[in-house]
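A closer look at the structure
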Amino acid sequence: SVDGITAISADVANRLLTEVPRLDPQRVQPLPLGLDHIVGASAPEAPDTDLDSTVAALGGKRFVAVLGNDFQHKNRDFAIAVWQRGLQSGQSCDLVLAGLHVKSSSSKVAEDAILATHVDLRGSAHTAGHLTGRSRAWLLANAAAVLYPSSAEGFGLVPYEAAILGTPSTFADFGPLKEIAGISGPPKHWSVDAFTADLEQLLASDDAARQRVAHLHQVIAQHTW
């Protein structure tokens, strides 16, 4: 009965129209979010104390970051498998999983099961809970790459925030991320092989990393508040 409904992406608008067929499409308007809410200068020299133990454990080693609460659709267990495959191919780096453990629809059991059998000395995994904004920015700015294998998104801000802070990311080319980013290169589907190939390229090639960041900067410039 409302006169209008806004959605944060066309993907969400289309799903809304599918779920509620009585809606008048003329009353549903996608209004994509702005992407310029942080700038490169947002990256602090050091995180807050909530990352003290993680920073100490890293000891200056390069790392891949996974940012997000452990909802099953965030696929953090899948991200661990991708990281492990990358280690097997010769990419030495640690993994940092940052985000809260949720009470339901959590991947914690699967994550714990994978990490319990991890023996590859080329990298160690570290977990952190909820982070302050300062620590979150530090993590995104200092990671060698960001793994973002989410399979259900209304928008997906993390890859853009990482790019603003100079860090490349790998994410599935689907839904709102495909719609807004509109770039070639990211995995077309959720497979360990596809994500590992993209992650390896970002870690091994400075040119590939810079290109991913540059492409997302072009998208950011087109979506401002």
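Above: the structure in question.
Residues numbered from 1 in each chain as written. Predicted model: local features only at pLDDT ≥ 70, side-chain atom pairs only at ≥ 80, totals over all residues. Heavy atoms only, no water.

1. A short note on helix α3 (residues 76-88)
Look at α3: 19 Å from first C-alpha to last across 13 residues, which is about the 18 Å you get at 1.5 Å a residue. Those residues of α3 that fall on the buried side of the exposure criterion are Arg 76, Phe 78, Ala 79, Ile 80, Val 82, Trp 83, Gln 84, Gly 86 and Leu 87. Check the buried side of α3 and you find it contacts β3 (63-67), β4 (94-98), α4 (108-116), β5 (125-128), β6 (145-148) and α8 (192-204). Directly after α3, the chain includes Gly 90, whose backbone phi takes a positive value near 110°. (Helix = DSSP H or I, 4+ residues; strand = E, 2+ residues; numbered from the N terminus. Expected span 1.5 Å × (residues − 1). Buried < 20%, exposed > 50% of the residue type's maximum accessible area, 1.4 Å probe, protein only. Contact = heavy atoms within 4.5 Å.)

2. Some thoughts on the packing of α3 against α4
Taken N-terminus to C-terminus, the directions of α3 and α4 make an angle of 20°; their axes are 8 Å apart at the nearest point. Judged by the inter-axis angle, α3 sits roughly parallel to α4. In this structure, α3 meets α4 at a crossing whose hand is left-handed. Facing α3, whose interface residues are Arg 76, Asp 77, Ile 80, Trp 83 and Gln 84, α4 presents Ala 110, Glu 111, Ile 114 and Leu 115. Split by residue class, the contact of α3 with α4 holds five nonpolar, one polar and three charged. (Axes fitted to C-alpha atoms, helices over the stretch in contact; angles between N-to-C directions. Parallel < 35°, antiparallel > 145°, perpendicular 65-115°, else oblique. Left-handed = near helix turned anticlockwise from the far one by under 90°. Nonpolar A, V, L, I, M, F, W, Y, C, P; charged D, E, K, R; others polar.)

3. Brief notes about the side chain of Gln 91
Tracing the backbone through its elements, the reader meets Gln 91 in the loop between α3 and β4. A residue is classified by how much of its surface remains accessible, and Gln 91, at 15% relative accessible area, is buried. Those residues in contact with Gln 91 that lie beyond four places of it in its chain are Arg 62, Gly 86, Glu 200, Leu 203 and Ala 204.

4. Some thoughts on the sheet that holds β4
Read across the open sheet, the five strands follow the order β5-β4-β3-β6-β7; overall the sheet is parallel. In the strand order of this sheet, the two ends are held by β5 and β7 (169-171), each with one partner. Across the sheet, the mean angle separating the axes of adjacent strands is 20° when strand polarity is ignored. In this structure, β6 lies alongside β7, joined through three bridges in parallel fashion. When the sheet's bridge partners are listed, Tyr 148 is paired in β7 with Phe 171. The sheet contacts of helix α5 (residues 133-142) involve β3, β4 and β6, and relative to β3 the element is tilted by about 135°. (Pairing = 2+ DSSP bridges.)

5. Looking at the pattern of salt bridges
Scanning the entire structure with this criterion turns up 13 salt bridges. Note that Asp 48 is salt-bridged to Arg 134, the shortest N-O span being 3.6 Å. You can see Asp 48 sitting in the loop between β2 (28-30) and α2 (52-58) and its partner Arg 134 sitting in helix α5, a full 86 residues away along the chain. Under the relative-accessibility criterion, Asp 48 is labelled partly exposed at 26%. (Salt bridge = Lys/Arg side-chain N within 4 Å of Asp/Glu carboxyl O.)

6. Let's talk about the packing of aromatic side chains
The final tally for this structure, using the stated rule, is four aromatic pairs. Arranged with centres 4.8 Å apart and planes meeting at 65°, the rings of Phe 174 and Trp 190 form a pair that is edge-to-face. Taken as a pair, Phe 174 in the loop between β7 and α7 (175-181) and Trp 190 in the loop between α7 and α8 lie far apart in primary sequence, 16 residues in all. A relative accessible area of 16% places Phe 174 in the buried class. Among the residues examined, Trp 190 registers a relative accessible area of 35% and is labelled partly exposed. (Phe/Tyr/Trp six-rings, centres within 6.5 Å; stacked < 30°, edge-to-face > 60°.)

7. Section: the nonpolar core
Nonpolar side chains in soluble globular proteins tend to end up buried together. Formed by 52 residues in total, the largest nonpolar core has its most connected members in Phe 63, Leu 139, Leu 147 and Tyr 160. Other than its neighbours up to four places away in sequence, Tyr 160 contacts Leu 35, Phe 155, Leu 177, Ile 180, Ala 181, Leu 216, Val 219 and Ile 220. (Core = buried A, V, L, I, M, F, W, Y, C linked by side-chain atoms within 4.5 Å.)

8. A look at α5
Among the residues of α5, Ser 135, Ala 137, Trp 138, Leu 139 and Leu 140 are the ones counted as buried. Packed against the buried residues of α5 are α2, β3, β4, β6 and α6 (158-164).

9. Some words on the environment of Val 28
Looking at the secondary structure, you find Val 28 in strand β2. Take Val 28: its relative accessible area is 8%, and that puts it in the buried class. Spatially, the C-alpha atoms of Val 28 and Leu 131 are 35 Å apart, while their sequence positions differ by 103 residues. Contact partners of Val 28, with chain neighbours within four places excluded, come to Ile 5, Ala 13, Leu 16, Leu 17 and Leu 23.

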